[in-house]
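A look at the structure
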Amino acid sequence: MLSGKKILLCITGSIAAYKSVFLLRLFIQANAEVKVVMTNAAKDFISPLTFSTLSKNKVLSDLFESDTWSDHVALGRWADMILVAPASCNTIARMSHGICDNLLLATYFSATAPVMVAPAMDEDMWQHPTTKKNIQILRDNGNKVLDVDRGELASGLYGPGRMAEPKEIFELVKDFFFAEQKLKGKKALVTAGPTYESIDPVRFIGNHSTGKMGIAIAQELCRQGADVHLVLGPSALPPPRDIKTIRVVSAEEMFNASMNLVPDSDIVVMAAAVADFRATNTANQKIKKSSDVRTIELSPTKDILKSAGKIKTPKQILVGFALETENAEQNALKKLKEKNADLIILNQLDGDGAGFGYDTNKITIFGRNGVAQHFEKKAKKEVAKDIVKAITTYQHV
């Protein structure tokens, strides 16, 4: 699976160092060649003997060992990927500020190979403003920094800071090596999440969309090499760190942000659940229960998909979404034609685990020729792959 791939696994001083044993086993089982670099602090958590036995290579730690020079330049050039897992708060700070005081850092600063970083630390460290700045510096410098997991931490707290699980990191490394990058050089726009239309300063018209599906599509487009902009409504989900994100609240804000980007986009995916109506008059103060207001007059919001369809060029592909509760296929096909879209994704609500709020979804994809592709219920990340595959096989892309 990873035959011929050379991975330099760098381990720093973190309780999560034990996870790197399982990660190393996955790489070895996939026939990758792995060399291990450990900081001295990492040795306090786990023995180098474990890693040398599994990798069948000597674990490297010091620039000078028994008067022997460890060639960090050759080591950095040997690797197809440098993976720092776990990456402690201390090492991340040094990597981001040019402090080179051990073999791991000397190798990092002289490396030509791509670098992936899997942070691991306590919640307060992870949330500290300095750490956030350091993480951003690493990203700005071209490193792939993985998200941390939430869970029980060494301190006894429960929150973000856990290193991603070995299986997840393994899959990301595999994706890095084998992603086809079919969309490299393409620009993509994705809208996601709900919109909130204010009634007064407290209340709003909204829906149950979480943004999970749209975010998954944006991430898959990015994985396939596209330069992605995500216009994200008021979702509780954090925006993907590697994708340029514009946060909006109302349909009007989403319309303006989207239409600014549509002309320069090769791919436009309108996955957001935009409110169809807004309050015609928004109260400046909270409407009291004792007031005479019993009716809210509604006005239609701007149709973003239709507006994009009006200015779409033959070189662009426009993808819309339809969520229907009756006459689903007929209404989806009608929307496809009326909005001048190239593909319409019909969200199916017949059954558990599909639609808003779930980690799974069930879709049907319609093309301009009316041909339908039906899919079984899947995890939204897998659904995103189906959608992006339909985009990449479309004639314009």
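Everything below is about the structure printed above this text.
Residues numbered from 1 in each chain as written. Predicted model: local features only at pLDDT ≥ 70, side-chain atom pairs only at ≥ 80, totals over all residues. Heavy atoms only, no water.

Observations regarding the pattern of salt bridges
Applying the stated criterion across every chain, the model contains 17 salt bridges. Where Glu171 meets Lys167, a salt bridge forms, and the shortest distance between an N and an O atom there is 3.3 Å. With a gap of four residues between them, Glu171 and Lys167 both fall in helix α9 (residues 166–178), about one helical turn apart. Looking at Lys167, the relative accessible area reads 49%, which means it is partly exposed. In this structure, Lys312 engages Asp342 in a salt bridge whose closest nitrogen and oxygen atoms are separated by 3.4 Å. One end of the pair, Lys312, is in the loop between α12 (304–311) and β18 (317–323); the other, Asp342, is in the loop between α13 (328–338) and β19 (343–347), with 30 residues separating them in the sequence. Residue Lys312 shares its accessibility class with Asp342, and that shared class is buried. Overlapping salt bridges, with partners in common, bring together Lys19, Arg162 and Glu165 in one network. (Salt bridge = Lys/Arg side-chain N within 4 Å of Asp/Glu carboxyl O. Helix = DSSP H or I, 4+ residues; strand = E, 2+ residues; numbered from the N terminus. Buried < 20%, exposed > 50% of the residue type's maximum accessible area, 1.4 Å probe, protein only.)

Digging into the sheet that holds strand β5 (residues 81–87)
Taken together, five strands build an open sheet; the order of strands is β2-β1-β5-β6-β7 and the sheet is parallel. With partners counted over all chains shown, the strands left at the sheet margins are β2 (33–38) and β7 (144–145), one partner each. In the sheet, β5 pairs with strand β6 (residues 115–119) via four bridges, with the strands oriented parallel. Residue pairing in the sheet places Leu83 in a bridge with Met116 of β6. Here α9 sits on the sheet and contacts β1 (6–11), β5 and β6; the angle it forms with β5, its principal contact strand, is near 160°. (Pairing = 2+ DSSP bridges. Contact = heavy atoms within 4.5 Å. Axes fitted to C-alpha atoms, helices over the stretch in contact; angles between N-to-C directions.)

Quick look at helix α8 (residues 129–140)
The end-to-end C-alpha separation of α8 is 16 Å, in line with the 16 Å expected for twelve residues at 1.5 Å each. Along α8, the residues classified as buried are Thr131, Asn134, Ile135, Leu138 and Arg139. Down the axis, α8 shows its buried residues gathered within 140° of arc, on one side only. Projecting away from the buried face of α8 at angles above 90 degrees are the exposed residues Pro129, Lys133 and Asp140. (Expected span 1.5 Å × (residues − 1). Arc of directions from axis to C-beta.)

A closer look at unusual backbone geometry
Excluding glycine, residues mostly have negative phi values, and the peptide bonds linking residues are mostly trans. Between Ala85 and the following residue, Pro86, the backbone shows a cis peptide bond with an omega angle of 5°. Here Pro86 shows up in strand β5. Not every positive phi belongs to a glycine, and Asn31 is a case in point at roughly 70°. Structurally, Asn31 can be placed in the loop between α1 (17–29) and β2. The backbone phi angle of Lys56 is positive, close to 60°, even though this residue is not glycine. If you trace the backbone, Lys56 turns up in the loop between α3 (48–55) and β3 (64–65).

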